[in-house]
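Close look at the chain arrangement
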Amino acid sequence: MRILLVNAFHYLRGGVERTYFDESRWLTGAGHQVAHLSTRDARNLPSPTAHLFAPGADYGERVGVTQEPSRWTRFLWSRPAAAAMRRVIAEFKPEVAHLHAPSRYLTPSVLRPLEAANVPVVMTLHDFKPWCTNRIFFARGGPCERCKGGRHFHALLEGCVQGSRARSAAAMVEAYLHDAVHAYRAVRLWIAPSCWVRDKAIEHGVAHARLRVLSHGLEASTSADAAIEMPEGPYALYSGRLSVEKGVRLLPGIAARIAPVPLVVVGDGPLWGEIEKASRVTPNLRALGYRSDPELATLRRHAAAVVVPSLFYEHFCYAAAEAMLEARPVAAAGIGAIPELVEHEVTGLLAPPGDAEALGAALKRALEEPAATRWAVAGRARIQAMGDPKRHLDGLVTIYREAIGD
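First things first, this report covers the structure right here in the doc. For clarity, every value in this text was computed on a predicted model and none was experimentally measured.

Quick word on the packing of helix α9 (residues 251-258) against helix α14 (residues 356-368)
Where α9 meets α14, the closest approach of the two axes is 8 Å, and the angle between their N-to-C directions is 45°. When the axis of α9 is compared with that of α14, the two are oblique. At the point where α9 passes α14, the crossing takes the right-handed sense. Residues Gly253, Ile254, Arg257 and Ile258 of α9 lie in contact with α14, whose contacting residues are Ala356, Glu357, Leu359, Gly360, Ala361, Leu363, Lys364 and Leu367.

Let's talk about the sheet that holds strand β2 (residues 33-37)
Taken in spatial order, the six strands line up as β2-β1-β3-β4-β7-β8 in an open sheet, and their pairing is parallel. Edge positions in the sheet fall to β2 and β8 (211-213), since each has one partner strand and no second. Looking at each pair of strands side by side, their axes are set apart by 25° on average, direction ignored. For strand β3 (residues 96-99) and strand β4 (residues 121-124), the ladder comprises three bridges, and the chain directions are parallel. Across the sheet, the residue bridging to Ala97 is Val121, located in β4. Contacts between helix α3 (residues 79-92) and the sheet are confined to β1 (2-6) and β2, with β2 contributing the most and set at about 160° to the helix. Contacts between helix α16 (residues 389-405) and the sheet are confined to β1, β3, β4, β7 (187-192) and β8, with β7 contributing the most and set at about 160° to the helix.

Re the packing of helix α1 (residues 15-29) against α16
Direction vectors running N to C along α1 and α16 enclose 85°, while the axes themselves pass 10 Å from each other. The pairing of α1 with α16 is recorded here as roughly perpendicular in orientation. On α16, the residues touching Glu23, Trp26 and Leu27 of α1 are Pro389, His392, Leu393, Leu396, Val397 and Tyr400. Across the contact of α1 with α16, the residue classes break down as seven nonpolar, one polar and one charged.

Thoughts on the nonpolar core
Counting 67 residues, the largest nonpolar core has Leu4, Leu37, Leu114, Val330 and Leu341 as its most contacted members. The contact partners of Leu4, leaving out residues within four places of it in the chain, are Ala35, His36, Leu37, Met85, Val88, Phe92, Pro94, Val96, Ala97, His98 and Leu114. Ranked by size, the runner-up nonpolar core spans 32 residues in total, among them Phe138, Ala236, Ile254 and Ala366.

A look at unusual backbone geometry
The amide bond that connects Ala259 to the next residue, Pro260, takes the cis arrangement and shows omega of 10°. Looking at where Pro260 falls in the secondary structure, it is placed in the loop between α9 and β10 (263-266). Although it is not a glycine, Ser103 adopts a positive phi angle of roughly 55°. Structurally, Ser103 can be placed in helix α4 (residues 103-106). Of the residues examined, Ser103 reaches a relative accessible area of 17% and is grouped as buried.

Definitions and cut-offs
Residues numbered from 1 in each chain as written. Predicted model: local features only at pLDDT ≥ 70, side-chain atom pairs only at ≥ 80, totals over all residues. Heavy atoms only, no water. Axes fitted to C-alpha atoms, helices over the stretch in contact; angles between N-to-C directions. Helix = DSSP H or I, 4+ residues; strand = E, 2+ residues; numbered from the N terminus. Parallel < 35°, antiparallel > 145°, perpendicular 65-115°, else oblique. Left-handed = near helix turned anticlockwise from the far one by under 90°. Contact = heavy atoms within 4.5 Å. Pairing = 2+ DSSP bridges. Nonpolar A, V, L, I, M, F, W, Y, C, P; charged D, E, K, R; others polar. Core = buried A, V, L, I, M, F, W, Y, C linked by side-chain atoms within 4.5 Å. Buried < 20%, exposed > 50% of the residue type's maximum accessible area, 1.4 Å probe, protein only.

Okay, structure coming up:
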């Protein structure tokens, strides 16, 4: 089968790219022909269609809205991305296309050439971009669905896109445009990585018959320990983006609750400065910043427990799943899809989102209670079953064939 995988980025940036590259590798290993469409970037990994990629752009938080004004029209509907898709279709002739997160870097414009060429399309719901201007149903420090039903003006009122009114205004226009042109009409089947995501998509108008639940696949790390300095004795670990929705501002309070056991924080993001500053006055909060994948795997493998304090609707939650696969006790916020992985006092511990005291108490239990070992073993078994790569690959190919048949 000739399969085209589409994503805004072609280098390892986060959980979306983790899924994108895993699926690419597993499909290729099973004998399928795999090509990609993404944006050009010096950090990109090899691809047989890299020469056809769309021009890159930077819509990051550190780039001012007045820089390169042409970007803010291109992110509404990218003609260069659509042209790149036409080139890929002409050269590769895909039998099916699988979109991950085209985002504002490619935009749904890439769907029109696929529709015109009658290439079946499936799309994984890594986020809620088809219905939410900031993708994650999050504003004012908590879950938000004010734009439900196409009321995208709330994005401007809330300023929920990267904390900027100007960016939120642009995203509002983008959302109304995409609704008006039925931007995602070419998607035949949607892949939900959890039952929670499936149910939320149904709430926002997707027909149940067009949704397929397929949890992400995971492989345990087989690499040797990296050379990295670790705390002496037991420590707890947080790893992930340092941002508001990830519950990062709760970490100092959580650390205080488990003192003197160190809470090691690995990651980068807009709240790095706050965490680094907090670590100076919270003795057991250790802010390490960005670490390579081998270093992070080593820290996770040796952690006594892992905390996941998310405030937003996690679609799957790699941070919890990877820790569970290593049989690490997990204390997590009970929000979004997390309870499908972490079942309270069965495969880990849950606490109310946003409650630093409760999360700290759960993490302390994970560090100290003998039952934590039993929960961790059960957690590993759950993730091994849910995330088995062969099971994921079989499910993926079944969905592709169903889309082609449709």
